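What follows is the residue order along each chain.
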Amino acid sequence: MACNCGGGARGPQPVVVYELTLPDGTVRRYFTYQEADAANKRAGSTGVINTAVQ
């Protein structure tokens, strides 16, 4: 029987990360929005969260 692994000819899927940019220029990356949001709240809710593709 043939293997139906679902791989096909497609390449790897891009990874979406959430970047938290703080006012002092520090950029931190998180794999979930919830992690980025929690870190932002710990920093006083002064940062900006953006999505980025790796």
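As shown above, the structure is provided for reference.
Residues numbered from 1 in each chain as written. Predicted model: local features only at pLDDT ≥ 70, side-chain atom pairs only at ≥ 80, totals over all residues. Heavy atoms only, no water.

**Student:** Before we go on, may I ask you to explain unusual backbone geometry in this structure?
**Tutor:** Leave glycine aside and you will find that most residues have negative phi; peptide bonds, for their part, are mostly trans. The phi torsion at Ser-45 lies on the positive side, around 55°, for a residue other than glycine. Accessibility expressed as a relative area gives 48% for Ser-45, which makes it partly exposed. (Buried < 20%, exposed > 50% of the residue type's maximum accessible area, 1.4 Å probe, protein only.)

**Student:** Could you clarify how one ought to interpret the sheet that holds strand β1 (residues 16-21) in this entry?
**Tutor:** The strands that make up a sheet pair up through hydrogen bonds in the backbone, lying either parallel or antiparallel. Strands sit in the order β2-β1-β3 across an open sheet of three strands; the sheet is antiparallel. Edge strands, defined here as strands with exactly one partner in the open sheet, are β2 (27-30) and β3 (48-53). On average, each strand axis in the sheet is tilted by 30° relative to the strand beside it, whichever way the strands run. Taken strand by strand, helix α1 (residues 33-42) contacts β1, β2 and β3, and its axis lies near 10° from that of β1. (Pairing = 2+ DSSP bridges. Helix = DSSP H or I, 4+ residues; strand = E, 2+ residues; numbered from the N terminus. Axes fitted to C-alpha atoms, helices over the stretch in contact; angles between N-to-C directions. Contact = heavy atoms within 4.5 Å.)

**Student:** Where do I start with the packing of aromatic side chains in this structure?
**Tutor:** Any aromatic ring pair is given by two values, namely how distant the centres are and how the planes are angled relative to each other. One pass over the structure, following the stated rule, counts one aromatic pair. With a centroid separation of 5.8 Å and an interplanar angle of 85°, the aromatic rings of Tyr-18 and Tyr-33 are classed as edge-to-face. Here the residue Tyr-18 occupies a position in strand β1, and Tyr-33 occupies one in helix α1, the gap between them amounting to 15 residues. Residue class for Tyr-33 comes out partly exposed when judged on its relative accessible area of 42%. (Phe/Tyr/Trp six-rings, centres within 6.5 Å; stacked < 30°, edge-to-face > 60°.)

**Student:** How do you make sense of the side chain of Glu-19 when you look at a structure like this?
**Tutor:** By the element assignment, Glu-19 lies in strand β1. By relative accessible area, Glu-19 is classed as buried at 16%. At 2.9 Å, the side chain of Glu-19 forms a polar contact with the side chain of Arg-29. Sequence-distant contacts of Glu-19, that is, excluding residues within four places in its chain, are made with Val-27, Arg-28, Arg-29, Val-48, Ile-49, Asn-50 and Ala-52. (Polar contact = N/O pair within 3.5 Å; in protein donor to acceptor, adjacent residues only side chain to side chain.)

**Student:** What exactly am I supposed to notice about α1 here?
**Tutor:** Helical geometry: 3.6 residues make up each α-helical turn, so side chains three or four residues apart lie on a common side. Along α1, the positions that sit buried rather than exposed are Ala-36, Ala-39 and Asn-40. Each buried residue of α1 sits inside an arc of 100° when the element is viewed along its axis, so together they form one side. When the buried face of α1 is taken as reference, the exposed residues oriented beyond 90 degrees from it are Gln-34, Lys-41 and Arg-42. Among the structural elements, β1, β2 and β3 are those in contact with the buried residues of α1. Phi turns positive, to about 95°, at Gly-44, one or two residues after α1. (Arc of directions from axis to C-beta.)

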